[in-house]
Each structure stands twice: as C-alpha cells, then as structure tokens.
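Architecture at a glance
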Amino acid sequence: MKYIKQFLSFIKRKKAKSVQNLVVQTLDPAFFILDSNLQFSYVNHEAERLLNKKLNRLIGKSILSVFPSLTYLVERCRTSYRRKIVQNFHYLLPIINNWVHVFIYPSKHNICIFIQTVPNEHLYISDMKVYRHIFEHFPEAISILNIDGSVGSVNHAWENLLGISEKRIHGHPLSTIISKSDENAVTQELKNVTKGQTVQISVNVLYRFEKHLHVDITMMPIMINQQVARIFITIKKEPQSLTHTKRENKNEVKQSLFDKMNQIIGWDWDYKLDQLTWLPLKRDLFGIESEDQINTHRKFTMLVHPEDRDQFLESINRAKTKYDEPSKISYRIIRPNDQEIRYIQSLVQPNHEENHHQLTGVIKDITDNIKEQNKLNRTEQLYQLITEHSLEIIAYTTPDGRYEYISPAVRRLGYEPDELIGRYFSSYIHPDDLYKIDSPDYTNVLTCRFRHKDGHYVWLERSLQYIENNQHQVEKVLSISRDISERIEAEDIMKRSEKLTMAGELAAGIAHEIRNPLTSLKGFLQMMQYGYSVKQQYYNVMESELNRIEMILNELLLLAKPTVNKFQKQNIMMLIEHVTTLLGSVANMSNVELIINPPKEMVYINCDESQMKQVLINLIKNAIEVMPNGGKVTINVQSTTKFVTISITDEGPGIPEEKIKNIGQPFFTTKEQGTGLGLAVSFNIIENHNGKVSIESKINQGSTFTLSFPTME
C-alpha cells in the first residue's frame, strides 16, 4: 500500500504537522486516528465521507459510542495497540455493507487506521472452488462410485487411510479393497444404494491391498432427475492428519506458458482473391495432409461444423465492416483425417488501408479448455450434490468462528442456513463447553453441545481443516460436524452400567468395613441394656463409628446413583482420600498396603466429582486385584503451574508390551472375569476432562498408570 508507506515515512522523519495534515487530507483512502481510549483524535475528508459523519461529531468521541456495530474492528485495534503489531486484513464494514481493506498501524499513544473500499467481486469465492476444496480436503476418506460400483474420484484422506492412490484404484470395483469375508455383504448393500437407500456397514478393508483395517462405510445415492447417477461413499476410522498440497514446479509453469503460446496460429485472408495464408500451418490441428486443403476461405469453411457454418460465415462478413474493433468468433471444425471435433476460437481484425481487402487474425485450439470446463461443470454439480445431501454439516467460518457458509444439513438442528450466516459458532455452544474452545488441545476435533432451534442441546463432533493464504495465515476454517447424541447416550449407559458393576464388586468389602463398627456399637448398646454406666468417651466412640458408616455409605451411593455431569472446582487430594477410604477394606482383604504421597500444596482441578472418583476407583482397584498375594499400591500426586499428575503404581506381574496399546479399548481385558469396560469408561472420562493417560509397565515388576489434568487456581 503505497500511500501508507508515504505517510509513515513522513511520520518517521517527523515532518511539520501542517505537511502531515496535507498528506493525509489528500490521501485516497479514509484515514483516522484513535487515541489510547479509542476516541477519535483525527479524521480526514475521505473518512468523513466513508463514515457519513462530520468531523465535529467524531473528534473526542469513542468509536463504539458512535458506531456500535464496529465491535470486530475495535477488537483488532485493541489487539494491535496492546501487542504493538501492524495488521492488514479485509473486513465487511457494516456501516456501508461493503468489503474494505483495513490497515492498522499502532504508535506509542495512538492507533492509525487506513480504510479503502474493495469491489466485492475481488473477494468472491466461486461455488466451484468451495465444492472442490470440500471434496479434496474433507477430513474423512470419501469417493465417488459409478453406478456399477467402480471407483471414480477419491480424496487425499482416502489415499492416506488406505495407502492407495487414485491412479491405482480408479475404475476398479470397490470390492478390490474389501476383504474376502465381507465382499458379499458390500455387494448386497451396493444393490440397496442403487435403489435409492443410504446404508452403513462395518467391514474390513485392505490397506495397500494387503493389511486388514476395520472401518465403517457409509454409502449414499446421488440423485439426478430422480435417478441414482453416482454413489457417494465415506470410510471412517480415526481423524486423519492434515495434508499439505505440493507447490507447482516453476519449470512446469514455464513449460505450460510456452505450450500455450505454441497453440496460437496466425492467418491472412485476401477476400478479393480468396487467398488464405497460415503462419505457421499446423496440419495436425486441422487433420490435413497439405496446405492446399485450406488455402482458400471456401475450402476452410468446409471444415467448419455444419451446425456452426452459417453463424461462422455471418461473423466473418460482419468483421469485414468493422474498423478498429477486433471480432471474436468461436466455432467447431471436423478434422478430415479422423472426423474428430475440435473447438476453435478466432480473433479477426480487418485491414482497411487503400487497395487492401484483407482480414488478419489468429486462431487457437480451445478443445482441451472446453472439455476441462465441461468436466468442471459436471464436477461442480457433483460437489454441490455432495454438500447439499451430506448427512454431516459442512461449514466455512472465519478464523474467529463467524459462519460464512453452512450446508443444508443444518436443518436437522432446526435452522435454515441463512439464519446462521454472519453469526458466531460460540454463540450456540452450551456454556459448560465454552472452555473447550479456549483449550490448547482444541485444534482439529471438538466434542460439544450445540443449541437446537427448539432450545435443547445436541451433541456434535466437529472436525476442522485450516485454510491458509500465501503468507501462511489462516483465512478460513472448514468444519465438518456430525450429530453424535446417540453415541454419547450409549457411552453414558456404559458408564452407568460400569458404575453399578463396580458397586456390586465392592459390596463384599464394604459389608466387612461396616460390620466392624457395628460390632462396637452393638457392644455398647448391650452394656447400656444391662445397666452399666457408659462414660462420655464411649459416646464419642459410638458417634465416630456411626460417622464412619455414614461416610462409607455416602461414597457407595455417590458411585452407584445416576448423576448429571457437573464440573466444579475439586481438591484432588480430598477425592483420593475418599476413594482410598472406600477401598481400604478391599485392600486389607488382599493384604495390600495403600501408600499416598501428596503434593507440597493443595491442588484443584475442574471435574465432575462422581466421574473422577469412578476413574480413581477403577485404577486403584485394578492395581489391588493384580496382586492376589499382597503388595503395595503407591499413589503419587505432583503438580506444576499448569498440570497435576496422578501416578498409580502396583507391584503386579506387569503388562506385555504388545498388549499395552489395546488397554482402554472396549471389551479388551487381561482378567479372566473382566468385561473390558472399566478402563474404556475411565479413559473416556479422562478425555472429557481434557486429561491424558500414559502407561508404563515392566514384566514381573509392576505397572504405572499416570493421569494428567489441567490445574485450577
């Protein structure tokens, strides 16, 4: 921005104030200065016109008091002033409802703002580019199948997931990548899709045509004129890492330009003598053997497609009458040697000098361009069908989360797409989930509750793809959201089932724990029945035993009863002490000693008390059970400024290295009577608390499970 550089050079050289004023008043863009309180201290003429306010109504006024709608611009100004950074961005200015180019330059006590309007078409993103980008950068493996089940286009995620490039799989049946045991099932489901049904199936596919990989496949019919024309297929396993497109080689660009220049052919036609000269002549383009076949206009006209011939002759005749204005003519020719149709574009210029009866021009073979455009048009329609009929909600947002595009699938949440355009994603998130957006772990996938138009909340899983400009700055964010309410409900059922199972397993130990204080209470009551005088200290013992029974039963009820997720600030050591009290009898019965090493100071985390106790009980009880002959379970708690770690170490037989990677998967267990749900539920709870878990184990020495959670002040 040349005008900005000129202005800044004046400021740096500290030119006279009158000179500076002259410079900014004559600048083309709007320019104004805000002080540290965001009040107008200077406004040039163009800014008065753009903001539609006179100077005396702006100077000394806060920008937000005059223009409440400029909250986004004000936030950018605050950031620029606070961090002393220059900002340069495009912005839809609400005052004029038009795109502008904004340049913010902070100084020690002021903020200089330049604003220049930008034609909207300069910022327009064609639907074709949107649909193409959605297909190519969709975070899950997707493909378009032909009606016969053969594979057409595939995206990057497909190639990454299956290790098979589009070149190798294109045109081959889908069954090529399906394991033999699942081929019949997939074939049957394909028949159902061709009848207009959307189907889902879990199968084994072949990674690089060899290794088995378990995936979920969704197949959806693409309807054109009420008939199935293609099949849209998604293959889901785990979120794929972002892929980066390769930059085009400079030599390839140069070669491409050279090839385009070679496609142009010049010609001169003396229409009085009907002599046609080509510069140069390219026989392969016209499908001829010698120049004699097209050395006159009459002969060349015979090559023109019959359907285009009349219009071609009419356009040539009109070109003769024009003087300085060239004419553009598009038509088709049929090559004599192979009858192939080629698309031609010609630029014609008449020569009206004395005694000259000539037309001069150039022609270019645009067949490849036409074919590519037709292909792009078909692809655009296909991408549009995918976007508009996808079960997932596809959206484009600004980096700060403002919707710019959202697919019709959002109607499943009660909204029309236009209702969300211009609004912020965070405005619809459940208040208890807002912290996840600010979490450093929120990069590619977010699980949160989204407000339905009816008022209730729906669980969504949101995958992100960041789109950068040439300066590696994030310009837009592509998000794919899917409704996972049923999955969350199933996980809750599994958690409740596991809690009840755990409560049942603890019942025997708890009964033993309660029976001991009951024996003491029964003895004191018998003494009172026989008339013995009971001392005050006996009452204290009885009260203490009753309190212990009450605490144990409360812990059991907290574990067993259904609860609503409620995240609160909790003292981690209090949670551990309650759990070890509950498990004390179980440890004693197994001759296991529980050792707790607390941190030097109190540590707090944001958690659901019941769920966190469920995790601790699971891990400590597992540690006790792997030592049937007794031993020690050591619980170490350490904290830093940002995280608290809880390490639970046993002295059991250890876990083989090849089995560690399966720990936490549903129904995987190393116990003879285990269900494999305990650790699966626990790991899920840890993940929902923004926590992490790691496992270290040595054979015949024991295992250590380490949990890490963000701390709270």
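In the block above lies the structure referred to throughout.
Residues numbered from 1 in each chain as written. Predicted model: local features only at pLDDT ≥ 70, side-chain atom pairs only at ≥ 80, totals over all residues. Heavy atoms only, no water.

**What about the overall build of the protein chain?**
Counted only if it meets this: The way it works is that DSSP assigns letters per residue, a run of H or I at least four long becomes a helix, a run of E at least two long becomes a strand, and they are numbered from the N terminus. A 1.4 Å probe rolled over the protein chains alone gives each residue an accessible area, and that area as a share of the maximum for its type sets the label: buried under 20%, exposed over 50%, partly exposed in between. Throughout, a residue-residue contact means that at least one pair of heavy atoms, one from each residue, lies within 4.5 Å. Each accessible area is a Shrake-Rupley result for a 1.4 Å probe, and residues are judged covered by the shown protein chains and nothing else.
The helix and strand inventory of the protein chain stands at 22 helices and 27 strands. Across the 713 residues of the protein chain, 41% fall into the buried class. Sequence separation of at least 24 residues holds for 51% of the intrachain contacts in the protein chain that already meet a minimum separation of 6. On the protein chain, roughly 40,700 Å² of surface is accessible, and the fraction owed to carbon and sulfur atoms is 49%.

**Remarks on helix H5 (residues 71–83)**
Rules: Given a helix with a known number of residues, its expected span is that number minus one, times 1.5 Å.
The first and last C-alpha atoms of H5 sit 18 Å apart over 13 residues, in line with the 18 Å expected at 1.5 Å per residue. Here the buried face of H5 lies against strand S1 (30–35), helix H4 (63–66), strand S3 (87–93), strand S4 (98–106) and strand S5 (110–117). Lys-84 sits one or two residues past H5 and shows a positive phi near 55 degrees.

**Points about the packing of aromatic side chains**
How we decide: Side-chain rings of Phe, Tyr and Trp, where Trp is taken by its six-membered ring, are said to pair if the distance between their centres is within 6.5 Å; with planes under 30 degrees apart they count as stacked, over 60 as edge-to-face, and otherwise as tilted. Look at NZ for Lys and CZ for Arg. If either is within 6 Å of the ring centre and within 35 degrees of the ring normal, a charge sits over the ring.
Enumeration over the complete set of coordinates arrives at 15 aromatic pairs. Measuring from centroid to centroid gives 5.3 Å for Trp-278 and Phe-300, while their planes differ by 50 degrees, and the two rings are tilted. You can see Trp-278 sitting in strand S12 (residues 275–279) and its partner Phe-300 sitting in helix H12 (residues 297–303), a full 22 residues away along the chain. For Phe-300, a relative accessible area of 4% translates into the label buried. Judged by centre distance (6.4 Å) and plane angle (85 degrees), the rings of Phe-300 and Tyr-331 are edge-to-face. Highlighted residues: Phe-300 in helix H12 and Tyr-331 in strand S13 (residues 327–334), separated in sequence by 31 residues. For the pair Phe-300 and Tyr-331, a shared accessibility class is recorded, and that class is buried. The positively charged end of Lys-84 is found above the aromatic ring belonging to Tyr-81, 4.0 Å away from the centroid.

**Here we look at the side chain of Asn-469**
Threshold: Within 3.5 Å is the distance limit for a polar contact, defined as a pair of N or O atoms, with the added protein rule that one can donate a hydrogen and the other accept it, and that residues adjacent in sequence qualify only through two side-chain atoms.
Within the secondary structure, Asn-469 sits in the loop between strand S19 (457–468) and strand S20 (474–483). Judged by relative accessible area, Asn-469 falls into the buried class, the value being 16%. Only 2.9 Å separates the side chain of Asn-469 from the backbone nitrogen of Gln-473, close enough to count as a polar contact.

**Comments concerning a nonpolar patch on the surface**
Counted only if it meets this: Put simply, a patch holds well-exposed residues, over 30% relative accessible area, that have no salt bridge, with like charges counted together within 9 Å and Val, Leu, Ile, Met, Phe, Trp or Tyr side chains within 5 Å. Think of a salt bridge as a Lys or Arg side-chain nitrogen and an Asp or Glu carboxyl oxygen that are within 4 Å of each other.
Judged by side-chain polarity, Ile-264, Leu-347 and Val-362 come together as a nonpolar surface patch covering roughly 210 Å² of accessible area. By the element assignment, Val-362 lies in strand S15 (residues 358–365). Under the relative-accessibility criterion, Val-362 is labelled partly exposed at 34%.

**A short note on the sheet that holds strand S2 (residues 40–43)**
Sheet strands line up and pair through hydrogen bonds in the backbone, either parallel or antiparallel. Stated precisely, the cut-off is as follows: In this analysis, strands are considered paired if DSSP registers two or more bridges between them. Axis geometry follows a simple rule: fit a line to the C-alpha atoms, using only the stretch in contact for helices, then measure angles between N-to-C directions, giving values from 0 to 180 degrees.
A sheet is described by the order of its strands in space; here 5 strands give the open sequence S2-S1-S5-S4-S3, paired in antiparallel fashion. The open sheet is flanked by S2 and S3, the only strands paired with a single partner. Recorded for the sheet is a direction-independent mean angle of 25 degrees between the axes of neighbouring strands. Bridge count for S1 against S2 is 3 bridges, and the pairing is antiparallel. Of the residues in S2, the one forming a bridge with Ile-33 is Tyr-42. Along the sheet, H5 makes contact with S1, S3, S4 and S5, crossing S3 at roughly 165 degrees.

**Regarding the pairing of S12**
Burial of S12 is one-sided: the residues Leu-276 and Trp-278 facing one way are buried, the residues Gln-275, Thr-277 and Leu-279 facing the other way are not. Where strand S11 (residues 264–270) folds back on S12, the antiparallel hairpin that results is connected by 4 residues, among which Asp-274 adopts a positive phi of roughly 55 degrees.

**Description of the pattern of salt bridges**
Under the definition given, this model contains 21 salt bridges. The salt bridge partner of Asp-338 is Arg-335, with a shortest N-O separation of 2.6 Å. For Asp-338, a relative accessible area of 39% translates into the label partly exposed. Notably, a salt bridge pairs Glu-340 with Arg-335, separated by 2.8 Å at the nearest N-O pair. Each of Glu-140, Lys-236, Glu-392, Glu-461, Arg-482 and Arg-487 takes part in a single network of salt bridges with overlapping partners.

**Observations concerning the sheet that holds S12**
Strand order in this open sheet of 5 strands is S12-S11-S15-S14-S13, and the pairing throughout is antiparallel. The open sheet has two edge strands with one neighbour each: S12 and S13. Direction aside, the axes of adjacent strands within the sheet are offset by 25 degrees on average. The sheet contacts of helix H13 (residues 306–321) involve S11, S13, strand S14 (341–351) and S15, and relative to S13 the element is tilted by about 150 degrees.

**Observations regarding the environment of Phe-709**
Within the secondary structure, Phe-709 sits in strand S27 (residues 702–712). A C-alpha to C-alpha distance of 8.7 Å links Phe-709 and Asn-606, two positions 103 residues apart in sequence. Residues in contact with Phe-709, not counting those within four places in the same chain, are Ile-605, Met-612, Lys-642, Phe-643, Val-644, Ile-646, Ile-686, His-689 and Gly-691.

**A short note on the packing of helix H19 (residues 572–589) against helix H20 (residues 609–625)**
Defined as follows: Each helix crossing is assigned a hand: it is left-handed if the near helix lies turned anticlockwise from the far helix by less than a right angle, otherwise right-handed if that turn is clockwise. Classification used: nonpolar for Ala, Val, Leu, Ile, Met, Phe, Trp, Tyr, Cys and Pro, charged for Asp, Glu, Lys and Arg, polar for all others including Gly.
Closest axis-to-axis distance for the H19/H20 pair is 10 Å, and the angle between their directions is 40 degrees. Between H19 and H20 lies a crossing of right-handed hand. On H20, the residues touching Leu-575, Ile-576, His-578, Val-579, Thr-580, Leu-582, Leu-583, Val-586 and Ala-587 of H19 are Glu-609, Met-612, Lys-613, Leu-616, Ile-617, Ile-620, Lys-621 and Ile-624. Here the residues of the contact of H19 with H20 sort into 12 nonpolar, 2 polar and 3 charged.

**What to know about the environment of Leu-391**
By secondary structure assignment, the location of Leu-391 is in the loop between helix H14 (367–389) and strand S16 (393–397). The spatial distance from the C-alpha of Leu-391 to the C-alpha of Arg-412 is 9.0 Å, given a sequence separation of 21 residues. Discounting chain neighbours no more than four positions away, the residues touching Leu-391 are Ala-409 and Arg-412.

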